[in-house]
Amino acid sequence: MEENIKEKSSIGNGKKAILSGYVLVLLFLFAFGCYGCSYQPPTVVPSEDEAAFTLLRLYDTEWEIDSGGGVQTLPELYGMAITGIVFSSGLDERGLLMASLTVQNRTPLIAHFSYDEARGIVMKFGDSESLVKVSHSSSKDGKMETITFRGSESNLQLYFLKTT
């Protein structure tokens, strides 16, 4: 009788192969199922109200580049190393928020920020729109705020931390 119990509890080579294949497929899916997720830009464009609220939060603030990995550049900004941002205290007569961008080894640039229904918050230099998407986020505890510049073509990102 003990022999019958042992025979019933043993797994044959065919079952072992199937189970091994199943485990490998699951392991592959868990390991690589979201490969590249972190490389995908967010596709959610803020609503007009959310963008207006974000622009309001940027009034009269200063930001520094998060240079933990060194000062990086975006090809969409012609390789200029933006190290800081100082926003004006309100919208200009055209409804744009002006900012002075500190550029490493160059004179500051004047940029204007506005809302575009298709792209969200956009940055303009004069009358030309840059190929940089702008987003704002804050930590859950509200102690840290970040502005992200993301190149539309390169998908590279620059992070700026609020200083005031």
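Cut-offs and rules
- Residues numbered from 1 in each chain as written.
- Predicted model: local features only at pLDDT ≥ 70, side-chain atom pairs only at ≥ 80, totals over all residues.
- Heavy atoms only, no water.
- Helix = DSSP H or I, 4+ residues; strand = E, 2+ residues; numbered from the N terminus.
- Buried < 20%, exposed > 50% of the residue type's maximum accessible area, 1.4 Å probe, protein only.
- Contact = heavy atoms within 4.5 Å.
- Areas by Shrake-Rupley, 256 points an atom, 1.4 Å probe, with all protein chains shown as cover.
- pLDDT = per-residue confidence, 0-100.
- Phe/Tyr/Trp six-rings, centres within 6.5 Å; stacked < 30°, edge-to-face > 60°.
- Pairing = 2+ DSSP bridges.
- Axes fitted to C-alpha atoms, helices over the stretch in contact; angles between N-to-C directions.
- Patch = residues over 30% accessible without salt bridge, like charges linked within 9 Å, V, L, I, M, F, W, Y side chains within 5 Å.
- Salt bridge = Lys/Arg side-chain N within 4 Å of Asp/Glu carboxyl O.
- Lys, Arg positive; Asp, Glu negative; His and termini not counted.
- Charge placed at Lys NZ, Arg CZ, Asp CG, Glu CD.
- Polar contact = N/O pair within 3.5 Å; in protein donor to acceptor, adjacent residues only side chain to side chain.
- Core = buried A, V, L, I, M, F, W, Y, C linked by side-chain atoms within 4.5 Å.

A.B. asks: Describe the overall build of the protein, listing the residues and the values that go with them.
C.D. replies: Across its full length, the protein holds 3 helices and 8 strands. When the helices and strands of the protein are listed from N to C terminus, the series reads α-α-α-β-β-β-β-β-β-β-β. Here the protein, with 164 residues, has 27% of them falling under the buried criterion. In the protein, the share of contacts with a sequence separation of at least 24, taken over all contacts with a separation of at least 6, comes to 43%. Summed over all atoms, the accessible surface of the protein reaches about 11200 Å², with 56% contributed by carbon and sulfur.

A.B. asks: Tell me what's going on with the confidence of the model for the protein, and back it up with residues and numbers.
C.D. replies: Model confidence for the protein is summarised by a mean pLDDT of 82, while 83% of its residues fall at 70 or above. Per-element confidence in the protein ranges from a low mean pLDDT of 54 for helix 1 (residues 2-9) to a high of 96 for strand 3 (residues 97-103).

A.B. asks: Quick one: what's the story with the packing of aromatic side chains, residue by residue and with numbers?
C.D. replies: On inspection of all chains with the given rule, the structure shows 3 aromatic pairs. Measuring from ring centre to ring centre gives 4.9 Å for Phe149 and Phe160, while their planes differ by 55°; the resulting arrangement is tilted. Of the two residues, Phe149 sits in strand 7 (residues 145-151) while Phe160 sits in strand 8 (residues 157-162), which places them 11 residues apart along the sequence. Residue classification places Phe149 among the buried residues on the basis of a relative accessible area of 0%. An aromatic cluster of three or more residues is present, and its members are Phe87, Phe113, Phe149 and Phe160.

A.B. asks: Describe the sheet that holds strand 5 (residues 120-125), naming the residues involved and giving the relevant values.
C.D. replies: Spatially, 1-2-3-4-5-6-7-8 is the arrangement adopted by the 8 strands of the closed barrel, whose pairing is antiparallel. Adjacent strand axes in the sheet meet at a mean angle of 30° when their direction is disregarded. In this structure, strand 3 lies alongside strand 4 (residues 109-116), joined through 5 bridges in antiparallel fashion. Residue Ser100 lies in a different strand from strand 4, and its bridge partner there is Ile110. Here helix 3 (residues 48-58) sits on the sheet and contacts strand 1 (62-65), strand 2 (82-91), strand 3, strand 4, strand 5, strand 6 (128-138) and strand 7; the angle it forms with strand 4, its principal contact strand, is near 150°.

A.B. asks: Before we move on, could you go through the pairing of strand 6 and cite the residues and values that matter?
C.D. replies: For strand 5 and strand 6, the ladder comprises 4 bridges, and the chain directions are antiparallel. Bridging across to strand 6, Val122 finds its partner in Lys133. In sequence, strand 5 turns back onto strand 6 through a hairpin of 2 residues, with Gly126 there showing a positive phi of about 65°. Examined bridge by bridge, strand 6 and strand 7 share 7 bridges and lie antiparallel to one another. Following the sheet pairing, Ser138 is matched in strand 7 by Glu145. Counted between consecutive antiparallel strands, the loop separating strand 6 from strand 7 contains 6 residues, among which Gly142 sits at a positive phi close to 75°.

A.B. asks: How would you sum up a negative patch on the surface? Please name residues and give values.
C.D. replies: A surface patch of negative charge is lined by Glu48, Asp49, Glu50 and Glu117. Note on placement: Glu48 falls in helix 3. Relative accessible area serves as the criterion here: at 56%, Glu48 is assigned to the exposed category.

A.B. asks: Could you give me a rundown of the side chain of Thr61, with the residues and numbers involved?
C.D. replies: You can see Thr61 is positioned in the loop between helix 3 and strand 1. Thr61 gets classed as buried once you look at its relative accessible area, which sits at 4%. Within the local environment of Thr61, its side chain forms a polar contact with the side chain of Trp63, the two groups lying 2.8 Å apart. With sequence-adjacent residues up to four places away left out, Thr61 is seen in contact with Ile85, Val86, Phe87, Lys162 and Thr164.

A.B. asks: Go over the nonpolar core, please, and point to the residues and values.
C.D. replies: Among the nonpolar cores identified, the biggest contains 25 residues, and Phe87, Phe113, Met123, Phe149 and Phe160 are the most heavily contacted of them. Looking at this core element by element, the count peaks at 4 residues for strand 3.

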